[in-house]
Amino acid sequence: MSNILSIQSAVAYGHVGNSAAVFPLQRIGHEVWPVNTVNYSNHTGYGAWGGPIIPADDVAAVLSGIRDRGAFPLIDGILTGYQASPEIADVIVGTVRDIKAENPDAIYTCDPVMGSATSGCFVADSIPPLFRSTIVPAADIITPNQFELGYLTERDVTDLDSTLAAVDAAREMGPSTVLVTSVKRPETPEDAIEMIAVDDHGKWIVRTPRLPFKRNGSGDVTAALFTGHYLRGRDAKDALAKTASSVFDLLRVTLEADSQELKLVEAQDYYANPQLQFEVEAL
């Protein structure tokens, strides 16, 4: 079991941010300490929502309270997702620095949420440069989708070679491990989607069926499960295989239920016992 500090958004209705990440991590056996950066009624994809953004000073106060309990040396992993402001980013990077000062073995996973190939970049203009200059260099693991990888490294990412070159560029910024989600390349069948994981020990790819829909929060679950499995054995190939299996089954269960929100609880056995139905290939 690891202790994971998860600094993310939260919603009451549905599953994004911490409301998507915490339960799967708990279900695979980790202790999770959620710190919320927003407290919304629902995700913003609905077009209307209620609730506040948590001011950066308030987020910092919660984190200071955790530190004051003597808990920073006990933290094995830090997980962050969508970052709405430079002020929140400063709090996160400072917290990562403070935790690593007390536990150098702690691993920081940053999901650099910026957009997608269909939506484009949807964060404030100040956020991508901040990822490049400050946040990603502080991370040990990053989990961008293919669009975000290109945006982060300021490269065209269209095929396997350009994707791997962008991964190398991202790793030169600081993180040793990169998980790339939503990978499409010319040879990828239309009914398939891929993920790539790269670390100091190798490069791997896994292909799963592409389901005919998208649900908010699936990227948050992916980053969480990859982090949770990686913390167990520091094995990116194993983490990739288990994450791909679990997330596919989560999406399949959601599709079969015709649900607008992830069926996070109904799919829980697929987190704890991944079917490992997809082959992971070395690149």
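Note: the structure precedes this text.
What counts and what doesn't
Residues numbered from 1 in each chain as written. Predicted model: local features only at pLDDT ≥ 70, side-chain atom pairs only at ≥ 80, totals over all residues. Heavy atoms only, no water. Helix = DSSP H or I, 4+ residues; strand = E, 2+ residues; numbered from the N terminus. Rg over C-alpha atoms; globule rule 2.2 N^0.38 Å. Buried < 20%, exposed > 50% of the residue type's maximum accessible area, 1.4 Å probe, protein only. Contact = heavy atoms within 4.5 Å. Areas by Shrake-Rupley, 256 points an atom, 1.4 Å probe, with all protein chains shown as cover. Axes fitted to C-alpha atoms, helices over the stretch in contact; angles between N-to-C directions. Left-handed = near helix turned anticlockwise from the far one by under 90°. Nonpolar A, V, L, I, M, F, W, Y, C, P; charged D, E, K, R; others polar. Polar contact = N/O pair within 3.5 Å; in protein donor to acceptor, adjacent residues only side chain to side chain. Pairing = 2+ DSSP bridges. Salt bridge = Lys/Arg side-chain N within 4 Å of Asp/Glu carboxyl O.

Our next topic: the overall build of the chain. Within the chain, the regular secondary structure consists of 9 helices and 11 strands. At 17 Å, the chain has a C-alpha radius of gyration in line with the 19 Å of a compact globule built from 283 residues. For the chain, the C-alpha atoms occupy an extent of roughly 50 × 40 × 40 Å along the three principal directions. With 283 residues in all, the chain has 55% of them scored as buried. Partitioning the contacts of the chain with sequence separation of at least 6, the portion at a separation of at least 24 is 67%. For the chain, the exposed surface amounts to about 12,000 Å²; the carbon and sulfur share of it is 48%.

Here we come to the packing of helix 7 (residues 218–233) against helix 8 (residues 236–256). When two helices pack together, you describe them by how their axes are tilted relative to each other and by the distance separating the axes. The geometry of helix 7 relative to helix 8 is characterised by a closest axis approach of 8 Å and an angle of 145° between their N-to-C directions. The two elements helix 7 and helix 8 cross, and the hand of that crossing is right-handed. Of the residues in helix 8, those touching helix 7 at Ser218, Val221, Thr222, Leu225, Phe226, His229 and Tyr230 are Ala236, Ala239, Leu240, Lys242, Thr243, Ser246, Val247, Leu250 and Leu251. Of the residues belonging to the contact of helix 7 with helix 8, the class tally is 10 nonpolar, 5 polar and 1 charged.

Summarising burial for helix 5 (residues 146–153): 6 of the 8 residues are buried, a large majority. Of the residues making up helix 5, those classed as buried are Gln146, Glu148, Leu149, Gly150, Leu152 and Thr153. The N-cap residue of helix 5 is Asn145: its side-chain oxygen and the backbone nitrogen of Phe147 are 3.1 Å apart. Positive backbone phi, at 55°, marks Glu154, one or two positions downstream of helix 5.

With that out of the way, let us pick up the pairing of strand 10 (residues 202–209). As paired strands, strand 9 (residues 192–199) and strand 10 are joined by 8 bridges and run antiparallel to one another. Considered in strand 10, the bridge of Met195 is made with Val206. Taking the residues between adjacent antiparallel strands as the criterion, strand 9 and strand 10 are bridged by 2 residues. Relative to strand 11 (residues 280–282), strand 10 is paired through 3 bridges, and the arrangement is antiparallel.

With that settled, consider the sheet that holds strand 10. Across the sheet, 9 strands lie side by side as 2-1-3-4-7-8-9-10-11; this open sheet has mixed pairing. Because the sheet does not close on itself, it has two edges, and the strands there are strand 2 (31–40) and strand 11. The sheet contact formed by strand 4 (residues 107–110) and strand 7 (residues 141–142) spans 2 bridges and is parallel. Each residue of the ladder has a partner; that of Cys110, found in strand 7, is Ile142.

A separate point is the pattern of salt bridges. In the structure shown here, the tally under the stated rule is 13 salt bridges. As a salt-bridge pair, Arg27 and Asp269 come within 3.0 Å of each other at their nearest N and O atoms. Of the two residues, Arg27 is situated in helix 1 (residues 18–27) and Asp269 in helix 9 (residues 269–272); the sequence distance between them amounts to 242 residues. Taking relative accessible area as the criterion, Arg27 reaches 28% and is therefore assigned partly exposed. In this structure, Arg171 engages Asp200 in a salt bridge whose closest nitrogen and oxygen atoms are separated by 2.4 Å. Here Asp200 lies in the loop between strand 9 and strand 10 and Arg171 lies in helix 6 (residues 160–173), a separation of 29 residues in the sequence. Here the residues in one salt-bridge network are Arg185, Glu187, Glu194 and Arg207, joined through shared partners.

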